[in-house]
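Chain residues, written in single-letter form:
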Amino acid sequence: MRRREVGSAHLHSVFERTLHEQRRALVGWSLGMVALAATMLALYPTVHGNEQFSKLIDSYPEAFKSFFGVADYTSGPGYLRAEVFSFMAPLLLVILAVLWGSDLTAGEEERGTIDVLMANPVSRRRIVAEKWAALAVGVAVVAASLGVVIAVAGPAVSLHVGWGPLWASVVASGILALLLGSLALALGAATGRRGMARGVTAMVAVAAYLLSSLAGLVSWLRPVRWLSPWYHALGVDPMATGFRPFHLAVLVLLVAACAVAALVAFDHRDLGT
Amino acid sequence: MGSLDSDRGIPDRPAIVLDDVSKRYRGGGGVDGVTLDVWPGEVFGFLGPNGAGKTTTIRLLLDLIRPDRGTITVLGLDTRRDSVAARRRIGYLPGELALYDRMTARELLTHFAYLRGGPTWEEIGRLASQFSLELDRPIRELSKGNRQKVGLVQALMGRPDVLVLDEPTSGLDPLVQHQVHRAIRDVAADGRTVFLSSHVLPEVAQVADRVGLIRDGRVIAVERVQDLRGHAAHIVDARFAAPLADDAFGDLPGVDGRRVAGDTVHLEVTGPLAPVVRELGRFDVVDLSVREPDLEELFLAFYEGADATA
């Protein structure tokens with residue numbers, strides 16, 4: 001059958017529309033990431049090789065340093081770990097992924113557009129799968145923009161970081177965000193309620209962060225820190241150790257589990273009621 | 001039943017079959033034991049007050065919600081098991097129409113055309129100009145009537161075999177309503193099937209061949225429109241200068257229902273009006289109205305008729 005392109009819109013599939021709808025938001029989040037990276041890079045010269053700063057940091061309590069990921073603060077990787085990857089960058093990515101993931105199907109149900117979408121011959125599973133894929137691509141683009149800025153602009157402020165540690169940290173942050181976004185998608189797909197999906201996922205995210213960060217301080221938490229996806233992503237310190245295949249595999253499996261749960265849950269429900 | 005008199009002869013199977021379909025909600029509402037056949041070439045009007053179960057039935061047809069009991073087939077396809085195949089044959093206009101507000105109508109219709117792999121832009125453009133639809137403004141800037149037109153165009157495009165319309169003319173001005181009714185008749189004349197819901201009788205009376213009455217989730221009657229109207233063609237209300245005798249207007253032909261209260265009389269007339277008018281002439285009429293019955297009166301007339309034959 002004959003089709004004709006209309007304008008420049010890329011609207012061939014639910015996947016394309018989902019990205020198309022979020023194009024401005026994705027540009028905004030990417031610029032936010034660029035701004036975060038640029039700010040941190042701009043501040044780096046004041047700590048780099050600054051002995052007073054080193055002494056000050058050394059004088060902090062071990063607990064403080066452990067919780068905030070502060071080690072080797074005046075070196076490039078140590079600075080990035082403390083200022084970018086221990087909290088801020090993953091937090092922003094998680095917020096993006098959870099807001100978006102919770103909206104993917106539950107938003108269509110709450111706004112009522114699910115009716116007109118389901119008027120098309122598209123299976124529920126395909127809707128969820130394509131929306132999940134759009135989420136994954138969007139998160140990857142925003143995460144990548146952070147890595148690119150650091151890799152490109154870092155040397156200009158004498159911030160040198162190896163390819164492995166940098167991209168291992170970026171990938172870990174991105175997969176962590178995708179995992180929580182997929183959890184929010186699954187909860188939204190299972191209930192049709194965006195607020196609930198966001199609330200529960202936010203609690204999971206906070207618990208995961210605290211478990212991973214406190215495990216360095218609280219001895220009885222250490223044996224259970226593997227329960228925290230934050231631990232598998234950033235608790236294992238990719239900035240020092242590079243890619244950690246086992247831990248990444250755990251995260252990928254969890255992402256897959258959430259995506260499958262979303263597919264199954266959405267397939268077995270009354271929509272938009 | 002159906003368009004038995006059409007040139008195509010007797011269709012061999014119904015286009016839509018609901019077989020003992022029930023769907024109950026915890027908070028109340030839903031439908032109970034709905035059984036219906038709708039035939040190709042037929043416009044079936046689903047008539048009932050708001051909250052009676054019309055939208056529930058339609059959303060069951062689209063596999064948006066699943067029945068507790070019973071099965072639904074569209075063109076022989078089980079709407080649960082063959083959901084995608086069934087929906088490929090259906091054009092659907094939701095009752096509470098929500099669209100992707102930030103898209104233009106052109107973008108939305110293009111997107112849906114791709115998802116369906118069917119309609120060409122030539123066809124969409126033709127429908128859009130038929131309804132004089134503005135294509136290039138964001139949908140959020142369109143009036144309710146224009147949004148409804150977007151919904152109608154997406155339902156009609158691709159010439160679906162079965163058209164399911166939930167309150168299709170709500171929010172439309174009379175001129176556009178007329179266009180919609182004509183489009184519906186065209187679809188049926190084409191041998192395709194239309195299932196439309198409405199809470200207003202005149203709309204159904206105008207376009208439908210048969211009508212199903214639904215109340216409190218139960219289909220209480222399925223009638224040819226002309227038969228249904230036969231139950232009460234006119235309502236006559238009159239007031240007189242003096243109180244009436246209890247048996248006034250008692251023996252008139254074609255009067256189905258009669259209520260005398262003091263100096264007023266309420267008549268449901270199925271036959272010719274002439275005898276009623278002659279009888280009225282014998283009294284000192286102060287006030288008089290003759291009108292077509294509204295939905296509620298139609299229901300009442302129908303029940304009374306059913307009671308009388310029972």
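Remember, it's a predicted structure, so these values are computed and weren't measured experimentally.

How each quantity is defined
- Residues numbered from 1 in each chain as written.
- Chains lettered and ligands numbered in written order.
- Predicted model: local features only at pLDDT ≥ 70, side-chain atom pairs only at ≥ 80, totals over all residues.
- Heavy atoms only, no water.
- Helix = DSSP H or I, 4+ residues; strand = E, 2+ residues; numbered from the N terminus.
- Buried < 20%, exposed > 50% of the residue type's maximum accessible area, 1.4 Å probe, protein only.
- Contact = heavy atoms within 4.5 Å.
- Areas by Shrake-Rupley, 256 points an atom, 1.4 Å probe, with all protein chains shown as cover.
- Lys, Arg positive; Asp, Glu negative; His and termini not counted.
- Charge placed at Lys NZ, Arg CZ, Asp CG, Glu CD.
- Axes fitted to C-alpha atoms, helices over the stretch in contact; angles between N-to-C directions.
- Parallel < 35°, antiparallel > 145°, perpendicular 65-115°, else oblique.
- Left-handed = near helix turned anticlockwise from the far one by under 90°.
- Nonpolar A, V, L, I, M, F, W, Y, C, P; charged D, E, K, R; others polar.
- pLDDT = per-residue confidence, 0-100.
- Buried area = accessible area lost by both parts, 1.4 Å probe.
- Salt bridge = Lys/Arg side-chain N within 4 Å of Asp/Glu carboxyl O.
- 1 Å grid on protein atoms, 1.4 Å probe; cavity = no way out; pocket = protein on both sides within 12 Å on 5 of 7 lines; lining within 4 Å.
- Points joined across faces, edges and corners; volume = space filled by probe spheres on them.
- Pairing = 2+ DSSP bridges.

1. Side note on the overall build of chain A
- Helix and strand counts for chain A stand at 14 helices and zero strands.
- Along chain A, helices (α) and strands (β) appear in the sequence α-α-α-α-α-α-α-α-α-α-α-α-α-α when read from the amino end.
- With the C-alpha coordinates aligned to their principal axes, the bounding extent of chain A is approximately 70 × 45 × 30 Å.
- Buried residues in chain A amount to 51% of all 273 residues.
- Contacts in chain A between residues at least 24 apart in sequence constitute 76% of all its contacts with a sequence separation of at least 6.
- Surface accessibility of chain A: about 11,800 Å² in total, with carbon and sulfur atoms responsible for 68%.
- For chain A, the distance from the average position of its 21 positive side-chain charges to the average position of its 17 negative side-chain charges is 4 Å.

2. Overview of the packing of helix α1 (residues 14–21) of chain A against helix α9 (residues 124–153) of chain A
Residues and elements named next belong to chain A.
- Close contact between α1 and α9 brings their axes to 8 Å; oriented N to C, the two are set at 40 degrees. Classified by the interaxial angle, the pair formed by α1 and α9 is oblique. Relative to α9, the crossing made by α1 is right-handed. Contacts between α1 and α9 involve Val14, Phe15, Arg17, Thr18 and Leu19 from the former and Ile127, Glu130, Lys131, Ala133, Ala134, Val137 and Gly138 from the latter.
- Among the residues making up the contact of α1 with α9, the classes are represented as seven nonpolar, two polar and three charged.

3. Looking at the confidence of the model for chain B
- When pLDDT is averaged across chain B, the result is 88; 89% of the residues are at 70 or more.
- Counting interchain partners and residues more than four positions distant, the pLDDT-below-50 stretch residues 1–7 of chain B has eleven contacts.

4. Observations concerning the interface of chain B and chain A
- Facing the 34 residues of chain B at the interface are 37 residues of chain A.
- In total, chain B and chain A occlude about 3,300 Å² of area from one another, counting both sides; carbon and sulfur atoms represent 55% of this.
- Together, Tyr100, Tyr114 and Leu115 of chain B form the three largest contributors to the area buried by chain B at its contact with chain A, with a combined 23%.
- Linking chain B with chain A are two salt bridges, by the criterion used here.
- Between Arg59 of chain B and Asp115 of chain A there is a salt bridge; the shortest N-O distance is 2.8 Å.
- Among the elements that make up the side of chain B that touches chain A, the one with the highest residue count is helix α3 (residues 105–116) of chain B (eight residues).
- By residue class, the composition of the side of chain B that touches chain A is 17 nonpolar, six polar and eleven charged.

5. Quick look at the layout of surface pockets
- What the largest pocket holds in volume is close to 650 Å³.
- What lines the largest pocket is a set of 29 residues, among which Thr55, Pro94, Gly95, Glu96 and Asp166 of chain B lie closest to the centre.
- Elements that contribute at least two residues to the lining of the largest pocket include exactly α8 (113–118) of chain A together with α1 (54–61) and α5 (144–156) of chain B.
- The biggest single contributor to the lining of the largest pocket is α1 of chain B, with four residues.
- Tallied by class, the residues present in the lining of the largest pocket amount to six nonpolar, 14 polar and nine charged.
- The calculated volume of the second largest pocket comes to roughly 470 Å³.
- When grouped by side-chain class, the residues that make up the lining of the second largest pocket number 13 nonpolar, eight polar and six charged.

6. A closer look at the sheet that holds strand β11 (residues 234–240) of chain B
Residues and elements named next belong to chain B.
- Ordered by their spatial adjacency, four strands build an open sheet running β12-β13-β11-β14, and the pairing between neighbours is antiparallel. Pairing within the sheet leaves two strands with one partner each, and these edge strands are β12 (255–261) and β14 (285–291). The sheet shows a mean angle of 10 degrees between the axes of neighbouring strands, taken without regard to direction.
- Judged from the six bridges that link them, β11 and strand β13 (residues 264–269) form a sheet pairing that is antiparallel. When the sheet's bridge partners are listed, Asp237 is paired in β13 with His266.

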